Structure formats: C-alpha cells, structure tokens
Amino acid sequence: MKNTPTPDLVKRIIHWSLLTVTVIYFITGFGISEFRTVEALSFGLLTKSLAFKMHNSLWVPFIVLLVLHIVFALIRKRRKVVPS
Amino acid sequence: MNRLILGAAVLSVISMLAVAISGCGAGSSMDKTEELEPVEIRDYEGEKLSSANDFRENSIEGPQQVEIESYRLEIAGLVENPESYTYDEALDSHQHYQKVVTVNCVEGWSATILWEGLLVRELLEESNPLPDAKVVIFHAYDGYTTSLPLDYIMNNDIIMAYKMNEITLPAERGFPFQLVAESKWGYKWIKWITKIELSEDEDYLGYWESRGYSNTADLDKGFFEK
C-alpha cells in the first residue's frame, strides 16, 4: 500500500506541531520558575503571568499531539512489518 | 626503702589534690550558661513542619539584606497616628503570637511552618485607622507591594512573622518581617516589609496583581480568577 500525500502531510504537521509545542512548553516552564532570567532574555515579552497562562493552556494540545504522534508512528511501523 | 615509698605516696596524694583543686576551679568558670544559636524545629505538637530551606526563591529582585540599625517599620496613610518603629521597638512593645500555617505558591509548591510574629491588627489599632480606610497596602524593601482588605486583616489573626520554626527569619525568607497571609496565595505573603499603608483605593493593585494575578488571591480560587 502506497502512502498517499495527504496522510504524509498530516503526519508532518503533527510532528512539527508537537516539536513546537514541546519547545514552548519548556520555555514557558522556565518562564515561571526562572522568571527574572527569562523576562530579561525576552526583553520583557515573556512575563511570568504570560508564561503561566501559556503553560497552563498548552497541556491539552501537547497531550493530543503526543498521542497522534505515537499513533502515526505505530501505524508506520505496522506497515513496515506487514508488507502488502 | 619505707621512707621512699612513703615519700612517693605523699607526692601522689599532693598531685591528686592539685588536680582536684584545679578541676574545681575550671568547674566554677563553667557555671555560666551561654546561649547558642537556636536550631530550626521540624515538629510542633505532633505536626511535621517543612524546613526554611524548602522554599523556592522567587522574589522580584532576589534576597534583600536589610540593615537592622537603620530599619524602620512605618504605619502610614489613612491613620490618626502614623507610627515608625525600629525592629526592637516593634518586637518589644507588642504581644508575640505563634501559629502553624501553610504557604501555597502559585508555582505549585507549599511549606508548613511554625510562624512567630506580631498581629497586624494590633499594630493598626495603635495607629487608629480612619473610617475611610478600606485597604491595607504593604510595601517591601525591594519595591514589591501587595494589598489586602482592611476587613480581612481586622477579622482574622494575621501575623507579621519575624521567626519561622523558632529561628529568626533568614534574609532570603524576608527578614525582618514576612506577612503570613493565611488562606491567600503566596504572592500575598510579602517579605522584607518596610511600610504598612492604609488606603481608600479598593482598586489598588500590587506588583503581581497589576500583572494579571487575582487581587483577592483566595486559595480556593484560581490565581487568575477575578
């Protein structure tokens, strides 16, 4: 079975989105715990309260993207194991 | 031979007496009890306490070193008699209170401590708040501010701590005074208090409150809830 371009594109979007969300999750986490440093490095843009709000609202997309990422990876693996 | 043995015996008795006398002398100089630096307690009436080191340092300007010789605690604003206390005056002229309270930080950690301090209510009563006063604004050495309703201060036993777990507050924990704002989120627990100001401005927002945190800061609500 050949991969159609659409699932490939979806997969790519999911993988890159997950990477982006993970990075933002890390940065906003530091924005809470090390707020003085992060505020200075971001020229006052990422304040502690903004970091909190972003961090608190990111866990749902993070979980969804992570699950989708795992599901797609498993499907890919299965296709490799069971040739059609 | 007998003389030799007798001489040795006399000598040993004399030397033992000398040792005993010198020992007695040393004993009399140790009668005075010297107080050592107190050690933090970790248990109070069966309750486990956190340590003074269990806190995360999250102040806006880092730990402050307050010089106690020049330190003044001001009571100002809408009061009949503004006051200015030195550290010793504040401690010597007021009743001291102890209570175990847990501080809950918005970052997710908490610490249960035996606090010892002065009742803020008693400090304010000495200055006679004017009828227009509605809000108590606390100012800190590092420029941090926060506010609480006057009713909250007057109707609850809110203390300003100078000791935690029976040791004097360390600089990083807010020496000389930290507010023990029980049932409020940690950002209301202002450290390094220098001034208590009474105001009629019910919309006053402190440092974190002006950056989006709840002004009521009730623990049973989210800290972004209005």
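S.K.: I'm lost on the overall build of chain A in this one. Help?
M.R.: Counting its secondary structure elements, chain A contains three helices and zero strands. The buried share of chain A, reckoned over its 84 residues, is 24%. Counting contacts in chain A only where the partners sit at least 6 residues apart, residues at least 24 apart contribute 63% of the total. When the accessible surface of chain A is split by element, carbon and sulfur atoms take 74% of a total near 6,200 Å².

S.K.: Got a minute to help me understand the sheet that holds strand 3 (residues 73-77) of chain B in this structure?
M.R.: Two orientations exist for strands paired in a sheet by backbone hydrogen bonds: parallel and antiparallel. Residue and element names in this part refer to chain B. The mixed open sheet is built from five strands, whose spatial order is 4-3-12-7-8. Where the open sheet ends on each side, the last strands, each with one partner, are strand 4 (83-85) and strand 8 (145-149). Across the sheet, the mean angle separating the axes of adjacent strands is 20 degrees when strand polarity is ignored.

S.K.: What exactly am I supposed to notice about the interface of chain B and chain A here?
M.R.: Where interface size is given, it is often the accessible area lost as the parts come together that is meant. Taken together, the contacts link 14 residues of chain B with ten residues of chain A. Note on chain B versus chain A: buried area summed over both sides is about 980 Å², and carbon and sulfur give 56% of it. Connecting chain B to chain A are three salt bridges. A salt bridge links Glu107 of chain B to Lys48 of chain A, with the nearest nitrogen and oxygen atoms 2.8 Å apart. Linking chain B to chain A there are five residue pairs in polar contact (both at pLDDT 80 or more).

S.K.: Looking at this model, I keep getting lost on a negative patch on the surface. Mind explaining?
M.R.: On the surface, Asp132, Glu200, Asp201, Glu202 and Asp203 of chain B cluster together into a negatively charged patch. Residue class for Asp132 of chain B comes out partly exposed when judged on its relative accessible area of 47%.

S.K.: Just to check I follow, could you spell out the nonpolar core for this structure?
M.R.: Here is a general trend for soluble globular proteins: nonpolar side chains tend to be buried in one another's company. Trp115, Phe138, Phe177, Leu179 and Ile196 of chain B are the most contacted members of the largest nonpolar core, which totals 66 residues. If you look at the next biggest cluster of nonpolar residues, it comprises seven residues, including Ile14, Val21, Phe62 and Leu65 of chain A.

S.K.: Is there a simple way to think about the confidence of the model for chain B in this case?
M.R.: Parts of the prediction with low pLDDT should not have their coordinates interpreted in detail. All names here are of chain B. On average, residues of chain B carry a pLDDT of 90, and 86% of them reach 70 or more. Below a pLDDT of 50 lies the segment residues 20-27, which in the model reaches zero contacts outside its immediate sequence neighbourhood of four places, other chains included. Scoring the predicted complex yields pTM 0.81 and, for the interface, ipTM 0.71.

S.K.: Sorry, what's going on with the packing of aromatic side chains here?
M.R.: The geometry of an aromatic ring pair is captured by two quantities: the separation of the ring centres and the angle between the planes. One pass over the structure, following the stated rule, counts 19 aromatic pairs over all chains. Relative to Trp189 of chain B, the ring of Trp115 of chain B has its centre 5.7 Å away and its plane inclined at 55 degrees; by these criteria the two rings are tilted. Residue Trp115 of chain B is located in strand 6 (residues 110-119), and its partner Trp189 of chain B is located in the loop between strand 11 (178-180) and strand 12 (193-199); the two are separated by 74 residues in the primary sequence. No difference in accessibility class separates Trp115 of chain B from Trp189 of chain B, as the two residues are buried. For the pair Tyr187 of chain B and Tyr213 of chain B, a centre-to-centre distance of 4.9 Å together with 70 degrees between the ring planes defines the contact as edge-to-face. Here Tyr213 of chain B lies in the segment after strand 12 and Tyr187 of chain B lies in the loop between strand 11 and strand 12, a separation of 26 residues in the sequence. Tyr213 of chain B matches Tyr187 of chain B in its accessibility class, with the two residues each being buried. Here the aromatic residues Phe35 and Phe52 of chain A together with Tyr144, Trp185, Tyr187, Tyr207, Trp208, Tyr213, Phe223 and Phe224 of chain B are joined through ring pairs into a cluster of three or more. The positively charged end of Lys184 of chain B is found above the aromatic ring belonging to Tyr152 of chain B, 4.8 Å away from the centroid.

S.K.: Help me out: how do you make sense of the pairing of strand 3 of chain B in this one?
M.R.: On a regular strand, one side chain projects to one face of the sheet and the next to the other, so that they alternate. All names here are of chain B. Direction of pairing for strand 3 relative to strand 4: antiparallel, over a ladder of three bridges. Among the inter-strand pairings, Ile75 is bridged to a residue of strand 4, identified as Glu83. One ladder, built from four bridges, connects strand 3 with strand 12; its direction is parallel. Bridging from a neighbouring strand, Gly77 pairs with Leu198 of strand 12.

S.K.: Even after reading the chapter, I still don't get helix 3 (residues 120-127) of chain B, so can you show me in this structure?
M.R.: Along an α-helix, residues three or four positions apart point the same way, because every turn accommodates 3.6 residues. The set of residues buried in helix 3 of chain B consists of Val120, Arg121, Leu123, Leu124 and Ser127 of chain B. Seen from one end, helix 3 of chain B has its buried residues packed into an arc of 160 degrees, which puts them on one side.

S.K.: What should I look at first to understand the environment of Val39 of chain B in this one?
M.R.: All names here are of chain B. Assignment of secondary structure puts Val39 in the loop between helix 1 (2-29) and strand 1 (43-44). Placed 129 residues apart in sequence, Val39 and Thr168 show a C-alpha to C-alpha distance of 9.9 Å. Those residues in contact with Val39 that lie beyond four places of it in its chain are Asn165 and Ile167.

S.K.: What's the story with the pattern of salt bridges in this structure? I'm lost.
M.R.: Pairing of side chains with opposite charge becomes possible as their charged atoms draw close. All names here are of chain B. Per the counting criterion, the structure on display carries eleven salt bridges over all chains. The salt bridge partner of Lys99 is Glu182, with a shortest N-O separation of 2.3 Å. Of this pair, Lys99 sits in strand 5 (residues 97-104) while Glu182 is found in the loop between strand 11 and strand 12, placing the two residues 83 residues apart along the sequence. For Lys188, the salt bridge goes to Glu209, with nearest N and O atoms at 2.7 Å. With Lys188 in the loop between strand 11 and strand 12 and Glu209 in the segment after strand 12, this residue pair connects regions lying 21 residues apart in the sequence. As far as burial versus exposure is concerned, Lys188 and Glu209 are alike and both buried.

Quick notes on the rules
- Residues numbered from 1 in each chain as written.
- Chains lettered and ligands numbered in written order.
- Predicted model: local features only at pLDDT ≥ 70, side-chain atom pairs only at ≥ 80, totals over all residues.
- Heavy atoms only, no water.
- Helix = DSSP H or I, 4+ residues; strand = E, 2+ residues; numbered from the N terminus.
- Buried < 20%, exposed > 50% of the residue type's maximum accessible area, 1.4 Å probe, protein only.
- Contact = heavy atoms within 4.5 Å.
- Areas by Shrake-Rupley, 256 points an atom, 1.4 Å probe, with all protein chains shown as cover.
- Pairing = 2+ DSSP bridges.
- Axes fitted to C-alpha atoms, helices over the stretch in contact; angles between N-to-C directions.
- Buried area = accessible area lost by both parts, 1.4 Å probe.
- Salt bridge = Lys/Arg side-chain N within 4 Å of Asp/Glu carboxyl O.
- Polar contact = N/O pair within 3.5 Å; in protein donor to acceptor, adjacent residues only side chain to side chain.
- Patch = residues over 30% accessible without salt bridge, like charges linked within 9 Å, V, L, I, M, F, W, Y side chains within 5 Å.
- Lys, Arg positive; Asp, Glu negative; His and termini not counted.
- Charge placed at Lys NZ, Arg CZ, Asp CG, Glu CD.
- Core = buried A, V, L, I, M, F, W, Y, C linked by side-chain atoms within 4.5 Å.
- pLDDT = per-residue confidence, 0-100.
- Phe/Tyr/Trp six-rings, centres within 6.5 Å; stacked < 30°, edge-to-face > 60°.
- Lys NZ or Arg CZ within 6 Å of the ring centre and 35° of its normal.
- Arc of directions from axis to C-beta.

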